[in-house]
Amino acid sequence: MQIFKRYKTLWMMGIIIVLAILFITNFNYVVDGVRFLLNSFSSLAAGAALAFTLNLIMDPVEKRLRESTKPFLRKNARTLAITTSFLVALGLIVLILSIVIPNMINALRMLTNEAPTYFKELGDLFQKLFEKYPQAAQYFANVKFDWAATLDSIVHFITKGSTTGNMMDSTFNLVTTAVGSFVNLFVMIVFAAYVLSEKERFVRAYYQLTDLFMAPERRVHLTRNMRIINQSFKSFILGEIIEACILSTMCIVGMLILQLPYATMIGILVGVINMIPMIGAFIGGGIGAFIIFTISPTKCLIFLVFLCVIQQIESNIFFPRVIGNKVGLPGIYVMITIVVGGTMFGVLGMILGVPLMASLYKILKDYLAEVKAMHAKRAEEAAAASQAHPDGTVLVKPAQPGTAEILRQAKQVTDETERLLHFGMEDSDSSAPDQK
């Protein structure tokens, strides 16, 4: 024990080095374990995310109901607020699907009806090309293509499935996947409802655990950081909603000016799917382009060019500014976070990267302000001590600001912090209240 106490630092460094070596040499097993844990808790994590989003609707509704003069509404405010939030979310989903699905069905029906005409026009086009370029016609005539073997392969795939299984196995896997998805969706909704109904219990548990295992100063810092993260995610969701409305309006107005069909439906679809940063508009635009193609290929091409233009405007101008102002993050950091998060973690990295980066940015800014305040306080104490008389009295110049004034000034974004974090840009949140 004496040896361990004497060389405690060396022992700790040795243990850390051994753990690091084990982590590196068994990295694949670590990744598999993390992936297994994430898959195991995916439904609960999705339920918690759903509860966090629905709480944005539930919280103001519950406050309004508790202020009501009717005893029934005050008594059942929580239940009614949860029900209202779920109904609003369900109503939005049904509204979007009711706009998109009928138009998709009409587009498919129109494509089926117009397919013979398209094939006839395509055949006439190839015939004219072969008449103009006989060498091409001779080349295609010499190409041997076994239509019988191709047809047999298609029939074999339909009747027996792929080479790794039969049709029965494919059907069983499809049914199993569908049932599993339904169960996960049910668990997600139930867990979200439970979190919303018992959210105060989770908050009390957090405070109890931090009171037991953390010092008061660390508990205050952790609580403040958790509130920063909570506010960043709330602001991000609100910013995404504003951004979706802006893009939908731009798309609808532009398509009406260009006289493109299905302007309202495609505009709403592009705006909603744009919740996925950077690439969401292209996903919705692909669906819209397919629908417009069934009416006019020329208008489809015009729509694709128009979508690329508004997507570039939205991604490079509106998105960094709207989301950055909402979450308190400079626009350049928004773009960097989306690119890096998307490269490393895909769509999930794009969605969660911005609020997490905004939280880290605010926490770091507060930490730098506290460090500067601490140094300023020590400098003031040292200056006061240097002016002390032998009898113990201290002379302090009245013109110098006190510690409270220094702390208040340090809470604001200093010039050094701005040059470090904003690249010389203006403080985007100088009017925001100080974190306490």
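Just so it is clear, the model here is predicted, and its values are computed rather than measured.

About the thresholds
Residues numbered from 1 in each chain as written. Predicted model: local features only at pLDDT ≥ 70, side-chain atom pairs only at ≥ 80, totals over all residues. Heavy atoms only, no water. Helix = DSSP H or I, 4+ residues; strand = E, 2+ residues; numbered from the N terminus. Buried < 20%, exposed > 50% of the residue type's maximum accessible area, 1.4 Å probe, protein only. Contact = heavy atoms within 4.5 Å. Areas by Shrake-Rupley, 256 points an atom, 1.4 Å probe, with all protein chains shown as cover. Axes fitted to C-alpha atoms, helices over the stretch in contact; angles between N-to-C directions. Parallel < 35°, antiparallel > 145°, perpendicular 65-115°, else oblique. Left-handed = near helix turned anticlockwise from the far one by under 90°. Nonpolar A, V, L, I, M, F, W, Y, C, P; charged D, E, K, R; others polar. Core = buried A, V, L, I, M, F, W, Y, C linked by side-chain atoms within 4.5 Å. Salt bridge = Lys/Arg side-chain N within 4 Å of Asp/Glu carboxyl O. Expected span 1.5 Å × (residues − 1). pLDDT = per-residue confidence, 0-100. Patch = residues over 30% accessible without salt bridge, like charges linked within 9 Å, V, L, I, M, F, W, Y side chains within 5 Å.

Caption draft 1: Region of the structure containing the overall build of the chain. Scanning the chain for helices and strands turns up 17 helices and 0 strands. For the chain, the proportion of its 436 residues judged to be buried stands at 25%. A separation of at least 24 residues holds for 64% of the contacts in the chain among residues at least 6 apart in sequence. When the accessible surface of the chain is totalled, it reaches about 29400 Å², and 70% of it is carbon and sulfur.

Caption draft 2: Here's a closer look at the packing of helix 10 (residues 199-213) against helix 11 (residues 216-257). In contact at an axis separation of 10 Å, helix 10 and helix 11 are set at 150° when each is read in the N-to-C sense. The angle between the axes of helix 10 and helix 11 places the two elements in the roughly antiparallel class. The interaxial crossing formed by helix 10 with helix 11 has right-handed handedness. Contacts between helix 10 and helix 11 involve Tyr206, Tyr207, Thr210 and Asp211 from the first element and Arg219, Leu222, Thr223, Met226 and Arg227 from the second. For the contact of helix 10 with helix 11, the per-class residue count stands at 4 nonpolar, 2 polar and 3 charged.

Caption draft 3: Molecular detail of the nonpolar core. Among the nonpolar cores identified, the biggest contains 20 residues, and Cys251, Met255, Ile266, Val270, Ile292, Phe303 and Ile310 are the most heavily contacted of them. Sorting the residues of this core by element identifies helix 6 (77-132), helix 11, helix 12 (263-273), helix 13 (280-293) and helix 14 (297-327) as the ones contributing at least two each. In terms of residue count, the dominant contributor to this core is helix 12 (6 residues). Once residues within four sequence positions are removed from consideration, Ile292 is found in contact with Met255, Pro261, Ile266, Lys299, Cys300 and Phe303.

Caption draft 4: Structural view of the side chain of Ser232. For Ser232, the position within the fold is in helix 11. Ignoring sequence-local partners within four residues, the contact set of Ser232 consists of Val327, Pro355, Ala358, Ser359 and Lys362.

Caption draft 5: Up close: the pattern of salt bridges. For the coordinates displayed, the defined rule picks out 8 salt bridges. Across the pair Glu62 and Arg78 runs a salt bridge, and its minimum N-O distance is 2.8 Å. Remark: Arg78 occurs in helix 6 and Glu62 occurs in helix 4 (residues 42-66); sequence separation between them is 16 residues. Taking the relative accessible area as the measure of exposure, Glu62 reaches 5% and is therefore buried. Under the relative-accessibility criterion, Arg78 is labelled buried at 14%. Asp211 is paired through a salt bridge with Arg219; the nearest N and O atoms lie 3.0 Å apart. Residue class for Asp211 comes out partly exposed when judged on its relative accessible area of 45%. Ionic contacts of the salt-bridge type, sharing partners, join the residues Glu62, Arg66, Arg78 and Glu200 into one network.

Caption draft 6: Spatial organisation of helix 11. Between the first and last C-alpha of helix 11 there are 61 Å, a value that for 42 residues agrees with the 62 Å anticipated at 1.5 Å per step. Positive phi appears at Gln259, one or two residues downstream of helix 11, with a value of about 60°.

Caption draft 7: Fine view of the packing of helix 4 against helix 11. Interhelical geometry of helix 4 versus helix 11 gives an angle of 75° and a closest axis separation of 11 Å. Classified by the interaxial angle, the pair formed by helix 4 and helix 11 is roughly perpendicular. Contacts between helix 4 and helix 11 involve Phe52, Thr53 and Leu56 from the first element and Asn230, Phe233, Lys234 and Ile237 from the second.

Caption draft 8: Local environment of the environment of Asn316. Among the structural elements, Asn316 can be located in helix 14. On a C-alpha basis, the gap between Asn316 and Ile332 in space is 9.7 Å, while along the polypeptide they are 16 residues apart.

Caption draft 9: Representation of the confidence of the model for the chain within the structure. When pLDDT is averaged along the chain, the result is 76, and 76% of the positions lie at 70 or above. Mean pLDDT values over the elements of the chain span from 44, in helix 17 (residues 415-421), up to 88, in helix 4. A low-confidence stretch, residues 394-403 (pLDDT under 50), is modelled with 12 contacts involving residues beyond four sequence positions or located in other chains. The low-confidence segment residues 412-436, where pLDDT is below 50, has 35 contacts with residues more than four positions distant or belonging to other chains.

Caption draft 10: Broad picture of helix 12. In terms of residue burial, helix 12 counts as a mostly covered element, since 8 of its 11 residues are buried. Among all positions in helix 12, only Ala263, Met265, Ile266, Gly267, Leu269, Val270, Gly271 and Ile273 are buried.

Caption draft 11: Structural context of a nonpolar patch on the surface. Taken together, Phe36, Leu37, Phe41, Leu44, Val175, Val179, Phe182, Val183, Phe186, Val187 and Val190 make up a surface patch of nonpolar side chains, about 1000 Å² in accessible area. When contributions to the nonpolar patch are tallied by element, the ones reaching two or more residues are helix 3 (27-40) and helix 9 (167-197). A total of 7 residues in the nonpolar patch trace back to one element, the largest contributor, which is helix 9. On the secondary structure map, Val175 appears in helix 9. For Val175, a relative accessible area of 48% gives the class partly exposed.

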